[in-house]
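Results of the structural survey
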Amino acid sequence: MKIGILNSGGDCPGLNAVIHGVVGAADQLGWEVIGFRDGFEGLLPPGDFTVLKPKDTIGILKLGGTILGTTNKGHFAAKVGKGDIAEVPPEIVAKAKQTMDELGITALVIVGGDGSLTTGLQLYREGWPIIGVPKTIDNDLSATAFTFGFDSAVSTVVDALDRLHTTGESHKRIMLLEVMGRHAGWIALWGGIAGGANVVLLPEIPFTFEKITEFINQRDAQGYHSTLVVVAEGASMPDGHIVTLDANTGGEVRLGGIGEQVAAKLQKLTGKETRACTLGHLQRGGSPTALDRILGMRFGVMAVKLAEEGRFGRMVSYQSYHVDSVSIEEAVHQLRLVEPESELVVAAKAVGICLGD
Ligand code: F6P
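Residues numbered from 1 in each chain as written. Predicted model: local features only at pLDDT ≥ 70, side-chain atom pairs only at ≥ 80, totals over all residues. Heavy atoms only, no water.

Some thoughts on the site of the ligand
Note the following rule: Put simply, a residue is near a molecule or strand once any heavy atom of it comes within 4 Å of that molecule or strand. As used in this structure description, the phrase polar contact means that two N or O atoms lie within 3.5 Å; if the pair is within protein, one of them must be able to donate a hydrogen and the other to accept it, and residues adjacent in sequence are counted only when both atoms belong to side chains. Areas reported here follow the Shrake-Rupley algorithm with a probe of radius 1.4 Å; residue values treat only the protein chains shown as occluding.
Taken together, N72, I137, D138, M180, G181, R182, E233, H281 and R284 make up the full set of residues adjacent to the ligand. In the model, an oxygen atom of the ligand is placed 3.4 Å from a nitrogen or oxygen of the R182 side chain. In this structure, R284 approaches the ligand through a side-chain N or O atom, which is 2.8 Å from an oxygen atom. Coverage of the ligand by the protein amounts to 76% of the 400 Å² it exposes when considered alone.

What follows is the structure in structure tokens.
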């Protein structure tokens, strides 16, 4: 057996742990591992790849990013926006297949999010031996209760909020933190609760400025003169529009900028000095937490097990403290969003967090 592995889409902490898991488990079986560089692009002739042996993965557990490189653009982008599905052109698939055949790859592990797994599904339907490993710091794939990278991102948010808290208190300001979360507000909600935010704005729960202003004025009257606000980049402004950076960069539309807009409006409505901070890619970089290292490693080991059993077209999945698998078909296009009536949201409200609704 020769197992190929590639990372595709945005990077996230824990990708190297998956590589570590795949290489370690494959080596035990006496299999060779080929790592393709820069996502699916590494499959295009003449092929950009490296042979991975256990010694090549020494020390990578603690590294952010991916030693293989990745891309969320290129010839294999199957999704360019919410609901937009594009097929990878047949001539591109044929070229990539040529590399697979020349190298004798008998299983290809794709570590990617919804878009990359959509490409994986197309290839599987065309007869490729595909195994998926879910990757999204947004933690928004419904077929898995958790993805690696999320815990690291939340830790970064909490660290940022702890810092904003002290400066905000000192100046009696409203401090606003914009965090990632394209369709789902998990990073904002988890980070916000753990970091002691007073207001958390999510893509799933429409907010009004009246509600937030009333809440902040009430806090002021109670003697709390500083307020911490977390807003997910994918939250909609009250008129329904999502704030974007540029129209299209060859991949998905880039989100960002809602933090500054909300901050300006709140300053105007409350008369309080307000500062906004965008956390951006700090959430994606850096060393993974212990939890993400372990989860990534387990995902890699399970991917090899699926290959060993010949269970292609499956995606590794984490459910009820157990790593298992689901069919890629049932995993893609199914986002796991924050339910406005869920226990977590109710708990956040119970401790006085304003969701803006
Ligand atoms: O989907 C993961 C994600 O981190 C989103 O939260 C964010 O909108 C996007 O990727 C950023 O992508 P890029 O690295 O292309 O700016």
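Re the packing of helix α5 (residues 186-194) against helix α10 (residues 343-350)
When two helices pack together, their arrangement is given by the angle between the helix axes and the distance between those axes. Note the following rule: As a rule, the C-alpha atoms of each element are fitted with a line to give its axis, helices using only the stretch in contact, and angles between N-to-C directions run from 0 to 180 degrees. For helices the rule is a DSSP run of H or I covering at least 4 residues; for strands it is a run of E covering at least 2, with both sets numbered from the N terminus onward. Roughly parallel here means an angle under 35 degrees, roughly antiparallel means over 145, roughly perpendicular means 65 to 115, and every remaining angle is called oblique. What makes a crossing left-handed is the near helix being turned counterclockwise from the far one by less than a right angle; a clockwise turn instead makes it right-handed. In this description, contact between two residues means that some pair of their heavy atoms is separated by no more than 4.5 Å. Throughout, the ten residues Ala, Val, Leu, Ile, Met, Phe, Trp, Tyr, Cys and Pro are labelled nonpolar, Asp, Glu, Lys and Arg are labelled charged, and all others, Gly among them, are labelled polar.
In the contact formed by α5 and α10, the axes pass within 11 Å of each other and the chain directions differ by 40 degrees. In terms of orientation, α5 and α10 fall into the oblique class. Where α5 crosses over α10, the two elements pack in a sense that is left-handed. For the pair formed by α5 and α10, the contact residues are W186, L189, W190 and I193 on the first element and L344, V345 and A348 on the second. Per-class residue counts for the contact of α5 with α10 are seven nonpolar, no polar and no charged.

Digging into the pairing of strand β13 (residues 322-327)
The cut-off we apply is this: Paired strands, in this sense, are two strands between which DSSP finds at least two bridges.
Strand direction decides the pairing type here: strand β12 (residues 314-319) and β13, joined by six bridges, are antiparallel. Residue pairing for β13: S317 is matched across the bridge by D324. The hairpin turn running from β12 into β13, its antiparallel successor, is two residues long, and S320 in that turn takes a positive phi close to 45 degrees.

Focus: the pattern of salt bridges
Short version of the rule: Whenever a carboxyl oxygen of Asp or Glu lies within 4 Å of a side-chain nitrogen of Lys or Arg, that contact is scored as a salt bridge. Exposure categories follow from relative accessible area, calculated using a 1.4 Å probe and restricted to protein chains: below 20% of the type maximum is buried, above 50% is exposed, and the middle band is partly exposed.
Within the structure shown, the criterion is met by twelve salt bridges. Note that E309 and R311 form a salt bridge whose closest N and O atoms lie 3.4 Å from each other. A relative accessible area of 41% places E309 in the partly exposed class. For R311, a relative accessible area of 35% puts it in the partly exposed group.

Digging into the packing of aromatic side chains
Going by this rule: Ring geometry is summarised as follows: Phe, Tyr and Trp rings, the Trp one being its six-membered ring, pair when their centres sit within 6.5 Å, and such pairs are stacked at plane angles under 30 degrees, edge-to-face over 60 and tilted between the two. By definition here, charges over rings are those cases where NZ of Lys or CZ of Arg is within 6 Å of the ring centre and within 35 degrees of the ring normal.
If you walk through the whole model with that rule in mind, you get seven aromatic pairs. An angle of 20 degrees between the planes, with centres 5.2 Å apart, marks the rings of F40 and F76 as stacked. Placement of F40 in the loop between β2 (32-36) and β3 (49-52) and of F76 in the loop between β3 and β4 (79-81) is noted, with a sequence separation of 36 residues between them. For F40, a relative accessible area of 3% translates into the label buried. Its relative accessible area of 4% is what places F76 among the buried residues. Judged by centre distance (5.5 Å) and plane angle (85 degrees), the ring pair of F207 and F209 falls under edge-to-face. Among the residues examined, F207 registers a relative accessible area of 3% and is labelled buried. Ring pairs connect the aromatic residues F146, F150 and W190, which therefore count as one cluster. Between R336 and the ring centre of W186, over which it is positioned, the NZ or CZ distance is 4.6 Å.

Some details on helix α3 (residues 114-125)
Our working rule: Multiplying 1.5 Å by the residue count of a helix minus one yields the expected span of that helix.
Between its first and last C-alpha atoms α3 spans 16 Å; for twelve residues at 1.5 Å apiece the expected length is 16 Å, and the two agree. By the criterion of burial, α3 is predominantly enclosed, with nine of the twelve residues buried. When α3 is considered as a whole, its buried residues turn out to be D114, S116, L117, T118, T119, G120, L121, Q122 and L123. Just downstream of α3 lies G127, where phi reads positive at about 100 degrees.

Comments concerning the sheet that holds strand β11 (residues 274-278)
Neighbouring strands of a sheet are bound in pairs by backbone hydrogen bonds; such pairs are parallel or else antiparallel. In space, the four strands of this open sheet follow the order β9-β10-β8-β11, with parallel pairing throughout. At either margin of the open sheet sits one strand with a lone partner, and together these are β9 (199-201) and β11. When strand polarity is set aside, the average angle formed by the axes of neighbouring strands in this sheet is 15 degrees. Of the pairings in the sheet, the one linking β9 to strand β10 (residues 227-232) comprises three bridges and is parallel in character. The residue of β10 that forms the bridge with V200 is V230. Contacts from α5 reach β8 (174-179), β9 and β10 within the one sheet, and its direction differs from that of β9 by about 170 degrees.

Some words on the domain arrangement of the protein
Formally: Domain segmentation is taken from an automatic or database assignment of domains. Buried area: the accessible area, evaluated with a 1.4 Å probe, that two parts lose upon being put together, summed over both parts.
The domains assigned to the protein are domain 1 (2-148 + 288-331) and domain 2 (152-284). Using C-alpha coordinates to define each centre, domain 1 is positioned 33 Å away from domain 2. In total, about 1,400 Å² of surface goes out of reach between domain 1 and domain 2, with carbon and sulfur atoms giving 54% of it. Residue D11 is joined to R284 by a salt bridge in which the shortest nitrogen-to-oxygen separation is 3.0 Å. Our count for the contact surface shared by domain 1 and domain 2 stands at four residue pairs in polar contact (both at pLDDT 80 or more). Sorting elements by how many residues they give to the side of domain 1 that touches domain 2 places β4 first, with three residues.

Here we look at the environment of F150
You can see F150 is positioned in helix α4 (residues 150-171). For F150, a relative accessible area of 1% translates into the label buried. When the C-alpha atoms of F150 and I187 are compared, they prove to be 7.2 Å apart, with 37 residues separating the residues in sequence. Not counting chain neighbours up to four residues away, the residues in contact with F150 comprise I137, D138, N139, W186, I187, W190 and D292.

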